[in-house]
Structures are given as structure tokens and as C-alpha cells.
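Breakdown of the fold
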Amino acid sequence: MERTRSELLYQEALQHIVGGVNSPSRSFKAVGGGAPVFMKRAKGAYFWDVDDNRYLDYLAAYGPIITGHAHPHVTAAICRAAENGTLYGTPTELELEFAKMLKSAIPSLDKVRFVNSGTEAVMTTIRVARAYTGRSKIVKFAGCYHGHSDLVLVAAGSGPSTLGIPDSAGVPPSIAQEVITVPFNDIPALEAALARWGHEVAAVMVEPIVGNFGMVMPHAGYLEQLCAAARSHGALVIYDEVITAFRFHYGAAQTYPGLPLAEAGGSPASALLAGTAGAAGAPATEAAAASEAAASKAAAYFAAIEPDLTALGKIIGGGLPIGAYGGRKAVMEQVAPLGPAYQAGTMAGNPASIAAGIACLQVLQQDGVYAKLEQLGETLAEGIRAAADRHGIALTVNRIASAFSTHFCDHPVTDYAEAQDTDGERFARFFRLMLEEGICLAPSKYEAWFLTTAHTEEDIAFTLDAVDRAFKAM
Ligand code: PMP
């Protein structure tokens with residue numbers, strides 16, 4: 001594939017834009033360097049670059065583009081909003097509509113506030129938790145990325161770890177000292193940290209399903225234990241659902257029926273409900289009682305893992321800049337103008353982002369959308385696994401609905417150390433081979449593949465052929 005114009009633009013961009021890119025994860029540094037591809041247009045599941053090459057997109061802009069590029073319903077909403085004026089600096093009815101939409105999908109949000117990015121959302125949840133508890137430390141998990149604000153750039157996952165920046169320069173040691181980092185999926189490590197510092201901890205902050213060192217599911221029972229441990233020390237629980245909200249189902253990870261239940265021996269909540277309700281041959285009254293018991297177990301589980309605060313972003317902006325945070329009423333009422341914790345934003349709740357977000361969620365509300373995403377995800381991930389087997393390539397595929405990660409290793413990936421212990425050079429080779437096949441992945445071994453509602457069975461078949469050739473060449 002010729003990419004001469006991308007090369008030229010990159011050389012020129014290096015003179016004017018730091019590193020030639022406006023976010024380090026867009027550089028090809030982690031996959032051997034050189035010019036990243038400059039795209040000029042995107043529609044549905046496809047990109048076209050400045051040299052007129054076409055690519056099938058699995059980057060989905062690092063998650064937000066779940067309805068595909070330039071979805072007509074979303075585009076129309078953005079155009080209407082632009083025609084009516086892009087920024088007022090006053091409240092609008094649309095913001096209210098969107099707040100109610102988010103609340104009805106994610107019941108832990110008694111109150112919300114819109115901001116402009118995931119980074120802002122997370123940063124503010126920490127301030128609010130500190131205001132509410134009067135404490136200053138936070139606990140985070142190794143490899144989880146929560147944006148680029150000072151506090152959370154400690155042991156921060158995909159971008160920074162790919163680039164070998166475990167702690168960013170410019171973050172004072174006094175701030176890093178406020179952050180305690182423990183491994184994900186490891187309750188004893190969390191309990192040990194809380195035993196030592198718990199009385200100073202304002203919040204435990206976690207991606208309830210990890211998206212930043214590949215896709216990693218919490219072990220069965222992990223989130224209940226995490227919440228219980230935090231609360232027993234008087235700390236709040238903050239879920240960073242910037243990637244996960246509306247990615248797996250119409251709701252957040254905290255309400256996802258695919259989460260594994262300890263009670264059900266690690267089966268997902270949905271299996272517990274379906275399995276018990278469908279007890280074949282049981283008398284009607286017994287079956288009804290069993291299904292009621294299963295429903296109340298699942299309800300208790302979801303209540304036990306409910307966070308105090310949630311940070312949102314990405315998908316809820318339908319491809320425009322957005323973030324939001326929300327949570328328990330008493331905690332959220334710490335925020336100005338009601339309370340003493342200050343947070344503001346000239347651009348916050350701008351009509352274009354809100355309209356795009358509403359339109360995107362409307363698309364996601366349509367029947368069968370998530371079932372189709374699940375189906376495409378399964379076909380693609382299983383196909384990649386099978387191709388790896390055929391070619392004797394050690395590969396771990398972690399899939400959660402329409403998001404999955406491919407780790408070149410022969411062991412499971414359930415925490416950051418395991419994600420680090422994978423073959424980055426092999427990933428880089430695979431990434432380049434796929435690019436030559438016209439398939440666009442994120443240029444980092446830690447990032448996920450994301451499907452969109454615009455991908456088709458034919459796209460998946462095309463991708464699997466390309467994967468087969470790539471593995472053969474490897
Ligand atoms: N939290 C998580 C879990 C993320 O994945 C990201 C971005 N990848 C952020 C926060 C930061 O969001 P933004 O890039 O919109 O600031």
C-alpha cells in the first residue's frame with residue numbers, strides 16, 4: 001500500500017504539532033515508529049486515508065464510534081444542533097433530556113454533571129470524593145488508565161505504559177504519594193493496602209471491566225469484595241466507565257448481565273437467571289419460586305457492586321467531545337453551586353455534543369443492536385482464535401461482547417503484569433501486516449478491537465481472511 005502523502009504530512013506535522021500527533025496513542029512509536037496513517041474521511045465501518053487507501057476500522061476512535069462513522073441519525077442531530085447555535089452558556093432542555101436518559105440506563109446516577117472529556121469526568125469524581133470524605137488518598141489499579149490528570153497518571157496503563165512512562169514528568173512526588181496502586185483482580189492486595197492506609201483513602205477507583213490493558217473481566221465476586229473492602233474503611237467507590245458504558249449493553253458495566261457471579265460459580269448473572277428460570281419439567285410454582293430466587297440474587301449482586309460515583313465519556317458523546325460524572329445524591333451535592341467542591345466548564349453540556357449523545361443512544365436503543373454486536377464479536381474473536389491455533393501462534397483473546405483484545409502469549413491475561421508479559425514485537429508485526437491488508441487496529445498491544453453497528457458479516461469474513469494470511473506470514 002502506498003502511503004506517500006501520509007509520510008509527507010507526518011514529516012511536516014512533526015515541525016508544527018508535538019510528535020506530529022494530538023494524542024500520543026496515535027503515534028506508531030509502540031509498533032516500530034514511522035508515519036501514522038493520516039485519514040481524511042470515514043463512513044460506517046471504513047476509513048479512507050489521504051492516499052485514497054481504504055481501511056476497515058476496528059479502532060472506533062478508541063471506543064466512542066459504536067454506531068459507525070457518520071451515522072445518519074447522529075449526523076443529522078449534530079447538524080440541527082449546529083444550525084441552532086453551538087454554545088449558549090445557559091442551561092438547555094436537551095441537557096435535561098440527556099441526564100434523564102443516562103439516569104434511566106444507569107440507576108446509580110441520582111444526579112449527573114456534563115463535562116468535556118473522560119479525563120475531566122474522572123478528575124472531578126476524585127475531587128468530589130475527597131470533598132465528601134475529607135480524606136486525600138485514592139487507590140487505583142495497576143494498568144488502569146483514567147485520563148491524563150495528575151493523580152491518575154501513576155501506573156496508568158495503555159498509553160503511558162506502551163510509551164514507557166510509568167509516571168509522567170511534571171506530576172509532583174507530593175501528588176504521586178496520594179495514590180496507592182494495587183494489582184487488579186487481587187483482593188488480598190487491596191485489603192492489605194486498605195489495612196495500612198484505609199483511614200486516609202477517599203476512594204477506590206476502578207474500571208469495573210478493564211479496557212486499558214486489553215479487555216479484562218473481574219473475577220467472580222471481585223467487585224462485591226472490592227466495594228465491601230472500600231466501604232469497610234469509609235472510602236467511596238468510583239467506577240470509571242468511560243470505555244464500558246453502553247459498550248456491552250444498553251447500560252454500564254455496573255449493570256451488565258454478563259458480569260460473573262461468585263454465587264453462580266463464576267457464571268454470568270444472565271446465565272443464572274436464564275438457567276434457573278428455565279428449570280425444565282419443574283412444576284410451575286417451583287419454577288416461579290426458583291426464578292424469583294435467581295432474580296433476587298442477581299438484584300442483590302447488582303446492589304452490592306453499585307458505586308458511589310461513576311465517570312462517563314466516549315460513547316455518550318456519539319463521536320463529539322463529552323464526559324459526564326454522577327452518582328449518589330448526597331455525594332453529588334458536594335458540587336458547586338450546591339456544595340463546596342468546585343467544577344465548571346465553558347463548553348460543558350454544549351448542544352452539539354449533547355444532541356450527538358442522545359442520537360447515539362437512540363440508535364443503541366433499537367431492537368437487536370447489542371445482539372448483533374455480540375454476534376459479530378463472537379464470530380470475529382472465535383475466528384481469530386481458530387486461526388491462531390491453525391498456525392500454531394500462541395494467542396490469548398479476551399472478549400467481552402463487541403470489544404476484545406489479542407495478546408500474543410500462552411497464558412491468560414487477568415491483570416496488568418500478565419498483559420505486560422506478552423510479545424510486543426509480535427503484536428507490532430501483526431499490526432503492520434493487518435494495515436497492509438487494509439485493516440486498522442490501535443497501534444498498541446494493550447488496546448482493544450472495537451466493533452460497531454456498521455460492521456457486517458462480510459467485513460468479519462474479510463478480516464478473518466486477512467488474519468489468516470497475517471498469521472501465516474508470521
Ligand atoms: N478513563 C478511561 C477508562 C479511558 O479509557 C480514557 C481514555 N482512553 C479516559 C478515562 C480518558 O478519557 P478522555 O481521553 O476522553 O479524556
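Residues numbered from 1 in each chain as written. Predicted model: local features only at pLDDT ≥ 70, side-chain atom pairs only at ≥ 80, totals over all residues.

- The name given to the chain in an unreviewed UniProt entry is Glutamate-1-semialdehyde 2,1-aminomutase, and the organism recorded there is Paenibacillus eucommiae.
- In the Cofactor (unreviewed entry) part of its UniProt record, the chain is described as follows: "pyridoxal 5'-phosphate".
- If you open the UniProt record of the chain and go to Catalytic activity (unreviewed entry), you find "(S)-4-amino-5-oxopentanoate = 5-aminolevulinate". (UniProt positions renumbered as here; feature names shortened; annotations may be inferred.)

Topic: the UniProt feature "modified residue: N6-(pyridoxal phosphate)lysine" (unreviewed entry) in the chain
- UniProt marks Lys 314 with the feature "modified residue: N6-(pyridoxal phosphate)lysine" (unreviewed entry), using the numbering shown here.
- Along the chain, Lys 314 falls in the loop between strand 9 (309–313) and strand 10 (323–327).
- Discounting chain neighbours no more than four positions away, the residues touching Lys 314 are Gly 63, Pro 64, Gly 118, Val 242 and Ile 243. (Helix = DSSP H or I, 4+ residues; strand = E, 2+ residues; numbered from the N terminus. Contact = placed C-beta atoms within 7 Å.)

A look at the nonpolar core
- In this structure, Ala 203, Val 204, Leu 236, Ala 324 and Ala 355 are the most contacted members of the largest nonpolar core, which totals 145 residues.
- When residues of this core are assigned to domains, at least three fall in each of domain 1 (4–70 + 367–473) and domain 2 (73–259 + 305–365). (Core = buried A, V, L, I, M, F, W, Y, C linked by C-beta atoms within 7 Å. Buried ≥ 20, exposed ≤ 12 C-beta atoms within 10 Å, placed from the backbone. Domains from an automatic or database assignment.)

Here we look at the site of the ligand
- Neighbouring the ligand are 15 residues; Ser 117, Gly 118, Thr 119, Gly 147 and Val 242 lie closest to it.
- For the shell around the ligand, the element with the highest residue contribution is helix 4 (residues 118–133), accounting for three residues. (Near = placed C-beta within 6 Å.)

Thoughts on the sheet that holds strand 13 (residues 439–440)
- The sheet built from four strands is open, its strands ordered 1-2-3-13 with mixed pairing. Only two strands of the sheet have a single neighbouring strand rather than two, namely strand 1 (39–43) and strand 13.
- Here strand 3 (residues 54–57) pairs with strand 13 via two bridges, running parallel. Across the sheet, the residue bridging to Asp 57 is Cys 440, located in strand 13. (Pairing = 2+ DSSP bridges.)

Some remarks on the confidence of the model for the chain
- Here the chain shows a mean pLDDT of 94. Residues at 70 or above account for 96%.
- Scoring of the predicted complex yields 0.96 for pTM and 0.99 for ipTM. (pLDDT = per-residue confidence, 0-100.)

A short note on the domain arrangement of the chain
- As far as domains go, the chain holds domain 1 (4–70 + 367–473) and domain 2 (73–259 + 305–365).
- Look at where the C-alpha atoms of domain 1 and domain 2 centre, and you get two points 25 Å apart.
- Contacts between domain 1 and domain 2 engage 33 residues on the former and 36 residues on the latter.
- The set of elements that each furnish at least two residues to the side of domain 1 that touches domain 2 consists of helix 13 (369–390), strand 11 (396–400), strand 12 (403–407) and helix 14 (416–420).
- With four residues, the top contributor of residues to the side of domain 1 that touches domain 2 is strand 12.
- Residues belonging to the side of domain 1 that touches domain 2 are distributed by class as follows: 19 nonpolar, 10 polar and four charged. (Nonpolar A, V, L, I, M, F, W, Y, C, P; charged D, E, K, R; others polar.)

Some details on helix 15 (residues 424–436)
- Between the first and last C-alpha of helix 15 there are 18 Å, a value that for 13 residues agrees with the 18 Å anticipated at 1.5 Å per step.
- Inspection of helix 15 places Phe 427, Phe 430, Phe 431, Met 434 and Leu 435 among the buried residues, and these make up the whole buried set. Buried residues along helix 15 cover an arc of 135 degrees about the axis, so they all sit on one side.
- Among the structural elements, strand 13 and helix 16 (457–473) are those in contact with the buried residues of helix 15.
- Note on helix 15: the residue one or two positions beyond its end, Gly 438, has a positive phi of about 85 degrees. (Expected span 1.5 Å × (residues − 1). Arc of directions from axis to C-beta.)

Some details on the sheet that holds strand 11
- A sheet is described by the order of its strands in space; here three strands give the open sequence 11-12-14, paired in antiparallel fashion. The sheet is open, and its two borders are formed by strand 11 and strand 14 (449–450), each paired with just one other strand.
- Judged from the five bridges that link them, strand 11 and strand 12 form a sheet pairing that is antiparallel. What sits directly across from Arg 399, in strand 12, is Phe 404.
- Along the sheet face, helix 13 touches strand 11 and strand 12 and points at about 175 degrees away from the line of strand 11. (Axes fitted to C-alpha atoms, helices over the stretch in contact; angles between N-to-C directions.)

Examining the packing of helix 2 (residues 72–83) against helix 12 (residues 351–365)
- Running from N to C, helix 2 and helix 12 point in directions that differ by 155 degrees, and their axes come no closer than 8 Å. One way to sum up the angle between helix 2 and helix 12 is to call them roughly antiparallel. The way helix 2 lies across helix 12 gives a crossing that is right-handed. Packed against helix 2, whose contacting residues are His 73, Val 74, Ala 77, Ile 78, Arg 80, Ala 81 and Ala 82, the element helix 12 presents Pro 351, Ala 352, Ala 355, Ala 356, Ile 358, Ala 359, Cys 360, Gln 362 and Val 363 at the interface.
- Of the residues belonging to the contact of helix 2 with helix 12, the class tally is 13 nonpolar, two polar and one charged. (Parallel < 35°, antiparallel > 145°, perpendicular 65-115°, else oblique. Left-handed = near helix turned anticlockwise from the far one by under 90°.)

Some words on helix 2
- Its 12 residues give helix 2 an end-to-end C-alpha distance of 16 Å, which sits within 8% of 16 Å, the value for a rise of 1.5 Å per residue.
- In this fold, the buried residues of helix 2 make contact with helix 12.
- Looking one or two residues beyond helix 2, the residue adopting positive phi is Gly 85, at roughly 100 degrees.

Observations concerning the environment of Val 369
- Along the polypeptide, Val 369 turns up in helix 13.
- Considering only alpha carbons, one finds Val 369 and Tyr 62, 307 residues apart in sequence, at a separation of 20 Å.
- When residues no more than four places from it in sequence are discounted, the contact partners of Val 369 are Val 363, Leu 364 and Thr 453.

Focus on unusual backbone geometry
- The linkage connecting Ala 336 with the following residue, Pro 337, adopts the cis geometry, with an omega of 10 degrees.
- Mapped onto the elements of the fold, Pro 337 is located in the loop between helix 11 (329–332) and helix 12.
- The phi torsion at Asn 185 lies on the positive side, around 65 degrees, for a residue other than glycine.
- The residue Asn 185 is located in the loop between strand 6 (179–182) and helix 7 (187–197) in this model.
- Judged by the 18 C-beta atoms lying within 10 Å of it, Asn 185 is partly exposed.
- Unusually for a residue other than glycine, Lys 314 sits at a positive phi of about 45 degrees.
- What makes Lys 314 buried here is the crowd of 27 C-beta atoms within 10 Å.

As for the pairing of strand 10
- Strand 10 sits mainly inside the fold: five of its five residues count as buried.
- Relative to strand 10, strand 4 (residues 111–115) runs antiparallel, the two sharing five bridges. Within strand 10, the residue paired with Phe 114 across the bridge is Ala 324.
- Sheet topology places strand 9 next to strand 10; five bridges connect them, and they run antiparallel.

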